[in-house]
Amino acid sequence: MFNSELVNYVVVTGWLNEYKAREYDHTGMLHHASLVDKSSALGLVTDGLFEKIKGLVVYEELEEAALVLEQFKRLGSRSIDSLERGEVWVKCSWVYLALKKWVEAEKAMHTAVIEYPPASHQQAVAFWLLGEVQWQFTGGYPASFENFSRAIEGFEHLRLLAMYDHQPARAQWYAQKMDLLKVSLRERVAKGFFDSAVSLP
């Protein structure tokens, strides 16, 4: 039996900065992925603002958290670094989930997908996270399945790229994570269609 705790929003968020790449050719292919730097792509100011937001959410000072979130979004959206812009919107989605603003969380994660470089590791992770938000909070079964599938396709592309780059450890990482994602998606598809079937009049 598959343990769903192996693949959920929190776990997959932890994969966001597993591999970084800041150089792309004209086809959008990933190059020179860092195998060492797994830190957040947030800059000093945006990171500080996000830490402040987390503290406000923990202490349920939600009105002030919403105000600081607007500052966070404004600054982050102006970054020249696409990885920072993408991560800012991933963090915004997390805050909206904490505030129980499900639609805003979905919109923020969709923006993250757009902001990340095409075919990047981060975009593939963001596709899965968008699916998680849709699956758990906004009831978007068809859309979530599409985004889960895009994430798996992205990981397969990255696995092949790692093989071409002679990075067997990175290729193995993607292969292992894809196995988890595929099993999770199969279970969700079965559950989603079952729920739809039993809800028919």
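Figured I'd write up the structure that's included with this text. (Residues numbered from 1 in each chain as written. Predicted model: local features only at pLDDT ≥ 70, side-chain atom pairs only at ≥ 80, totals over all residues. Heavy atoms only, no water.)

Here we take up the pattern of salt bridges. All told, the structure shown has 8 salt bridges when counted by the stated rule. For Glu-115, the salt bridge goes to Arg-85, with nearest N and O atoms at 2.8 Å. Of this pair, Glu-115 sits in helix α5 (residues 102–115) while Arg-85 is found in helix α4 (residues 82–98), placing the two residues 30 residues apart along the sequence. Given the relative accessible area of 22%, Glu-115 is considered partly exposed. Ionic pairing is found between Asp-165 and Arg-170, a salt bridge with its closest N-O pair at 3.6 Å. The partly exposed category is assigned to Asp-165, whose relative accessible area is 30%. (Salt bridge = Lys/Arg side-chain N within 4 Å of Asp/Glu carboxyl O. Helix = DSSP H or I, 4+ residues; strand = E, 2+ residues; numbered from the N terminus. Buried < 20%, exposed > 50% of the residue type's maximum accessible area, 1.4 Å probe, protein only.)

Moving on: the packing of α5 against helix α6 (residues 121–138). In contact at an axis separation of 9 Å, α5 and α6 are set at 165° when each is read in the N-to-C sense. Relative to α6, the element α5 is oriented roughly antiparallel. For the pair α5 and α6, the crossing hand works out as left-handed. Taking contact as the criterion, the partners of Trp-102, Val-103, Ala-105, Glu-106, Met-109, His-110 and Val-113 in α5 are, on α6, Gln-123, Ala-126, Phe-127, Leu-129, Leu-130, Val-133, Gln-134, Phe-137 and Thr-138. (Axes fitted to C-alpha atoms, helices over the stretch in contact; angles between N-to-C directions. Parallel < 35°, antiparallel > 145°, perpendicular 65-115°, else oblique. Left-handed = near helix turned anticlockwise from the far one by under 90°. Contact = heavy atoms within 4.5 Å.)

This paragraph deals with the packing of aromatic side chains. Enumeration over the complete set of coordinates arrives at 12 aromatic pairs. For the ring pair Trp-15 and Phe-155, a centre distance of 6.2 Å and an interplane angle of 40° mean the geometry is tilted. Here the residue Trp-15 occupies a position in the loop between α1 (9–13) and β1 (23–24), and Phe-155 occupies one in helix α7 (residues 141–164), the gap between them amounting to 140 residues. Accessibility classification places Trp-15 together with Phe-155 in one group, the buried group. Look at Trp-15 and Trp-173: their rings are 5.8 Å apart centre to centre, the planes differ by 75°, and that puts the pair in the edge-to-face class. Of the two residues, Trp-15 is situated in the loop between α1 and β1 and Trp-173 in helix α8 (residues 168–198); the sequence distance between them amounts to 158 residues. Members of the aromatic cluster, joined through ring pairs, are Trp-15, Tyr-19, Phe-155, Trp-173 and Tyr-174. The ring of Tyr-19 is capped by Arg-170, whose NZ or CZ atom sits 5.9 Å from the centre of that ring. (Phe/Tyr/Trp six-rings, centres within 6.5 Å; stacked < 30°, edge-to-face > 60°. Lys NZ or Arg CZ within 6 Å of the ring centre and 35° of its normal.)

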